[in-house]
Amino acid sequence: MDVASCLGRPTRMAASEGMRMTSHFRSFLSTFILLYLMNQVNSQKKGSPRDVKCVTSDLQAWDCSWRAPSGAGRGALYDVCIQNGSHSSCYQLGKTSTKIPPLNPGQYEITISPLRDFGNSISKFILNEKNVSLIPDPPEILRLSANFSTSTLHLEWSDKGSAFPRHTNVIWEIKVLRKENLELVKLVRSTDNQNKVFPQDKVVPVGSDITFCFVTQEEVSSAQISYAKYPLIHLDGENVAIKVHNISASISSGTNVVFMTSKDMYGTVVFAGYPPDIPQKLNCETYDLKEIICTWDPGRPTALVGPRSTSYTLFESFSGESVKFKRVEAPINESYQLFFQVLPNQEIYDFTLNARNPLGQSESTIFINVTEKVYPRTPTSVRVKDINSTAVTLSWHLPGNFAKIKLLCQVEINKANSVRELRTVTIKGVDNSNYLIAVDKLSPYTVYAFRIRCSSETFWKWSKWSNEKQYLTTEAIPSKGPDTWREWRSDGKNLIIYWKPLPINEANGKILFYNVSYSSEEKTQSLSEIPDPQHKAEIQLDRHDYIISVVAKNSVGSSPPSRIASMEIPNDDLKVEQTVGMGNGILLTWNYDPNMTCDYVIKWCNTSQPQPCLMDWKKVPADSTQAVIESDQFRPGVRYHFFLYGCRSHGYQLLRSVIGYVEELAPTVAPNFTVEDTSADSILVKWEDIPVEELRGFLRGYVFYFEKGERDTSKMRGLESGRSDVKVKNITDISQKTLRIADLQGKTSYHLVLRAYTDGGLGPEKGMFVVTKENSVGLIIAILIPVAVAVIVGVVTSVLCYRKREWIKETFYPDIPNPENCKALQFQKAVCEGSSALKTLEMNPCTPNNIEVLETRTAVPKIEDTEIISPVAERPPDSSEAEPESHLAVSYCPPVIEEEIPNPGPEEAGGTAQVVYIDVQSMYQPQAKPEAEQDADPGVGGGYKPQMHLPVTSAGEEAAVEGDLEKTAGYRPQANVNAWTLVSPDSPRSMDSNSDVVSFGSPCSINSRQFLIPPKDEDSPRSNGGGWSFTNFFQNKPND
């Protein structure tokens, strides 16, 4: 057996052959047989049900059946009532069997009566729980295994949840048959043992304390409830008990209590739940005044199901009738309901709803007048039928017996493009559930949708709406004539008649055709019938006054005629005005004119359409002074032309001509512009008008942008942002079509952009690149300015160079003395061997060997000035007339020539200088000089003279000597001896004695590094150095 069956309702494994009933069960069976005999006696009357039998397999439901009366068909209906004292419950069945829940102990009377063709053949039976046969369900084999070594079979089965009365000894019979011929091999019987757990199937409130006892002869190892183990309480022998405190709510199958032994397990089931709550939201109402439906909310779940679940009984106190709530299982928080039959001649009901389960009971009451608690069902079978073109009859079916009350019904009428209309009617209830009303004030030839809902006159609840029923009313004569207008062609000979199709509410049917006629004082003439899709006609008329009439016809008849005069009164003071719409329309206003006797007509058309243009028209009463023109055909950015006509007694007169837009938009294209003329400093631009279709608004001006830029490089970014390099011109004169841009630069590329704008915004831009012409005056100026600057710079430079010519000559290329004319190095005849005359140094290329010039001086006071006395200074004034002395080129002699100057005596103011030439090897041989010239005065010569001797003058004679030297002609060495450097890298200081001997290099010597002093002018200041400064550049010399 499965574990669940072991824990819920214990079954046993056994090896017995059959099943025997106890003596108690036999008495139960005998009582049932007695009941059967009584049934036979009660059903002797022909045609009544008989042989009632009730059996059960699990004690949770009783299956009762009976034999149908003779002559009853398969579809026979039976009214079955079970009554116990004052409480009864009845229901109808279409079969001869039923399943009822187990009844409480006691006597019950069962009444079964056929409902058709059997008269009053009613059968009554007495039933109690002892008359019910217990027939367990066949067991189910769960597992079968064989042990061939011991020749045994192990069998496990389930009783399928069959319940057996307490203290019943159940015997299971097992047959083992041979498969080939089903020969009985062995018969085994299994009986229950004496191990019992108490209490069995106990129902307790949640939170209770309960004790479970286990009576057994075996040793108990443990005990548990669900999955929790509990300590054992040992009683006498092997009997044990457990104590459970504050038990929790059970699941739907109960809480298992299990005791474990070494061989098997034993147990019971406990059901912990709650007593029933007071029924909440109890409500009783009727759908049809035949049956009362009471509904309620059971409240908190009790956690008890099956035979332990809560049962409900509805009791009516005035009649004493009651009904019980029957269900197999109910979901949690389900809304429960019971049906109570409406009793004849009773409107007031006092209901008490009792709730009962094994843990307690509760009740709720309600008091109602059933005629005021009517909640009708949904009306069905809605039908519509014509009365005339404006009225119909509406019928429907409403289930129920409402003959004693009045019904309040609502009819919803809906038609296209209209507000839903509700009409409420009060009608008397009927028995046959069919109702009929008339609905009038409808429009002819109109599709309506009807739907209905009802309630009682006292009103409790509306029923649900019925399904919609659509219906088209019949046609009627058109109520008005067509709205007409006329237009003359430009030739003035043909008149075009226009009319609008009649709306549905005025056409009252399908318009088939139109009749057009025209009449004057002399004649009347009609045109042929014009079919409906056509809404205009053209008539050839002269300029006389005619009245045109248009009539619409449908299948029922003709409409009243619409008349209009052909005459148009001229107006010479007409100006075209402009306007802009507001929202989706155009507002036109005018002054009141008492001469307008009929009405005003406003017609409009698209200005791009050819003349005569007619888009639509609108008629306004004669006492009006304004009108808003709206149309689904209006589009933003499209120009429309509006004409206001006033109607006089003999024709129409045009009063106003207005062009306008319902909404202005920005232009879609830019103006087409070209460059008419260019110059060096200006550009002339010309542009064309934008077509009206692409302008999309009233033109307010142009915006012109220009900037410097080459093609493909200028991008005109941020034109509206005020860039400094972009020039903007706003042209508000829309008649202007040219613009000259001045103050430009010659031979320069400009980017030009032109845009038009309306009140709707700026249109797109169009641009081009233009290069201005070259400026000739500027070119000439550009050439002349550099030339003039160059000339001026040249003149200034020449003047400066001329004034500073001496300084430039002395600074950059000074005069270099000709060595051939130099007489600074002339020697005595005895100086060199083989030379008796003084010779000048020949300045030919030579390679010097070693030259050292030594100068010595004695210890004398500091020499303030030293001068080289040239023999030229001693020449007499008339020496210029003497013959020039012949000069021979001589070279230095290899032998060492020393010329000693003895120490000066005390009487001398200063010592003499000594020039020593040491080891000078000449590459030239001394030249011989004629005999006649050897006696000549060596001091006479006009050329350069070397330092023969250096006389040192006293301080008193210094000034006189200096003055003489200034008058000496020829080359002079540095006169300012005080400025000479005593220690020179070229003239090392002599190291002998204590006297300061200064070594002077020869001014003509090849190793001289001193500047040569130019001739001194008498008036110029004495120079302190051999360099030059920048300020000398701007100094003028006296002789310049």
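Residues numbered from 1 in each chain as written. Predicted model: local features only at pLDDT ≥ 70, side-chain atom pairs only at ≥ 80, totals over all residues. Heavy atoms only, no water.

Teacher, can you tell me more about unusual backbone geometry here?
The bulk of non-glycine residues show a negative phi, and the bulk of peptide bonds are trans. Here the residue pair phenylalanine 198 and proline 199 is connected by a cis peptide bond, since its omega of -5 degrees sits within 30 degrees of zero. Backbone geometry at serine 226 places phi at a positive 55 degrees, although glycine is not the residue there. Note on placement: serine 226 falls in the loop between strand E17 (220-225) and strand E18 (228-230). Given the relative accessible area of 39%, serine 226 is considered partly exposed. At tyrosine 445, a residue that is not glycine, the phi angle is positive and equals roughly 50 degrees. Inspection of the secondary structure assignment puts tyrosine 445 in the loop between strand E34 (434-439) and strand E35 (447-456). Overall, tyrosine 445 belongs to the partly exposed group, its relative accessible area being 28%. (Helix = DSSP H or I, 4+ residues; strand = E, 2+ residues; numbered from the N terminus. Buried < 20%, exposed > 50% of the residue type's maximum accessible area, 1.4 Å probe, protein only.)

Sorry, what's going on with the confidence of the model for the protein here?
For any part of a model where pLDDT is low, the fine detail of the predicted coordinates should not be relied upon. Per-residue confidence for the protein gives a mean pLDDT of 75; residues scoring 70 or more make up 67%. Under a pLDDT of 50 for its full length, residues 1015-1040 has, in the predicted model, 24 contacts with residues more than four places off or in other chains. (pLDDT = per-residue confidence, 0-100. Contact = heavy atoms within 4.5 Å.)

Help me out: how do you make sense of the sheet that holds strand E14 (residues 196-198) in this one?
Two modes of strand pairing occur in sheets, parallel and antiparallel, and in both the strands are linked by backbone hydrogen bonds. Taken in spatial order, the 4 strands make up an open sheet running E14-E16-E20-E19, and their pairing is antiparallel. Looking at which strands have only one partner, the edges of the open sheet turn out to be E14 and strand E19 (233-234). Pairing between E19 and strand E20 (residues 240-244): 2 bridges, direction antiparallel. Bridge pairing in E20 places isoleucine 233 opposite alanine 241. (Pairing = 2+ DSSP bridges.)

Please clarify how the packing of aromatic side chains should be interpreted in this entry.
Given two aromatic rings, their pairing is described by the distance between the two centres and the angle made by the two planes. Evaluated as defined, the whole model comprises 30 aromatic pairs. Plain terms: the ring middles of tryptophan 499 and tyrosine 514 are 5.4 Å apart, the flat faces sit at 50 degrees to each other, and that makes the pair tilted. Remark: tyrosine 514 occurs in strand E39 (residues 513-519) and tryptophan 499 occurs in strand E38 (residues 494-499); sequence separation between them is 15 residues. On the accessibility criterion, tyrosine 514 (0% relative accessible area) is buried. Pairing tryptophan 687 with tyrosine 702 gives two aromatic rings, centres 5.2 Å apart and planes at 55 degrees, and the pair type is tilted. Linking tryptophan 687 in strand E54 (residues 683-687) with tyrosine 702 in strand E55 (residues 699-708), this pair joins segments that are 15 residues apart in sequence. By the burial criterion, tryptophan 687 is buried, and tyrosine 702 matches it. (Phe/Tyr/Trp six-rings, centres within 6.5 Å; stacked < 30°, edge-to-face > 60°.)

Please clarify how the side chain of threonine 579 should be interpreted in this entry.
Mapped onto the elements, threonine 579 comes out in strand E46 (residues 576-580). Every residue in contact with threonine 579, bar those within four places of it in the chain, is listed here: Ile586, Leu587, Val658, Ile659, Gly660, Tyr661 and Phe698.

I'm lost on the pairing of E55 in this one. Help?
On a regular strand, each side chain points to the face opposite its neighbour's, so the side chains alternate between the two faces of the sheet. Of all 10 residues in E55, 8 are buried, a share of seventy percent or more. Sheet analysis places E55 next to strand E58 (residues 749-758), joined by 9 bridges and oriented antiparallel. In the strand pairing of E58, leucine 699 is matched with threonine 758. Examined bridge by bridge, E55 and strand E56 (residues 727-731) share 5 bridges and lie antiparallel to one another. Within the sheet, the bridge partner assigned to valine 703 lies in E56 and is asparagine 730.

What exactly am I supposed to notice about the pattern of salt bridges here?
Pairing of side chains with opposite charge becomes possible as their charged atoms draw close. Under the defined criterion, the tally for this structure stands at 19 salt bridges. As a salt-bridge pair, lysine 500 and aspartate 483 come within 3.9 Å of each other at their nearest N and O atoms. Of this pair, lysine 500 sits in the loop between E38 and helix H3 (504-507) while aspartate 483 sits in the loop between strand E36 (469-472) and strand E37 (484-488), and the two are 17 residues apart along the sequence. One salt bridge in this structure joins aspartate 689 and lysine 737, with 3.1 Å as the shortest N-O distance. (Salt bridge = Lys/Arg side-chain N within 4 Å of Asp/Glu carboxyl O.)

I keep staring at the nonpolar core and nothing clicks. Help me out?
Across soluble globular proteins, you tend to see nonpolar side chains buried next to one another. Core analysis: the biggest nonpolar cluster contains 43 residues, and Ile292, Phe351, Leu394, Trp396 and Phe450 have the highest contact counts within it. Excluding residues that lie within four positions of it along the chain, tryptophan 396 makes contacts with Pro379, Thr380, Ser381, Val382, Cys409, Ile427, Ser433, Asn434, Tyr435, Ile437, Ile452 and Cys454. Residues Leu495, Ala537, Ile564 and Phe643 belong to the second largest nonpolar core, which totals 32 residues. (Core = buried A, V, L, I, M, F, W, Y, C linked by side-chain atoms within 4.5 Å.)

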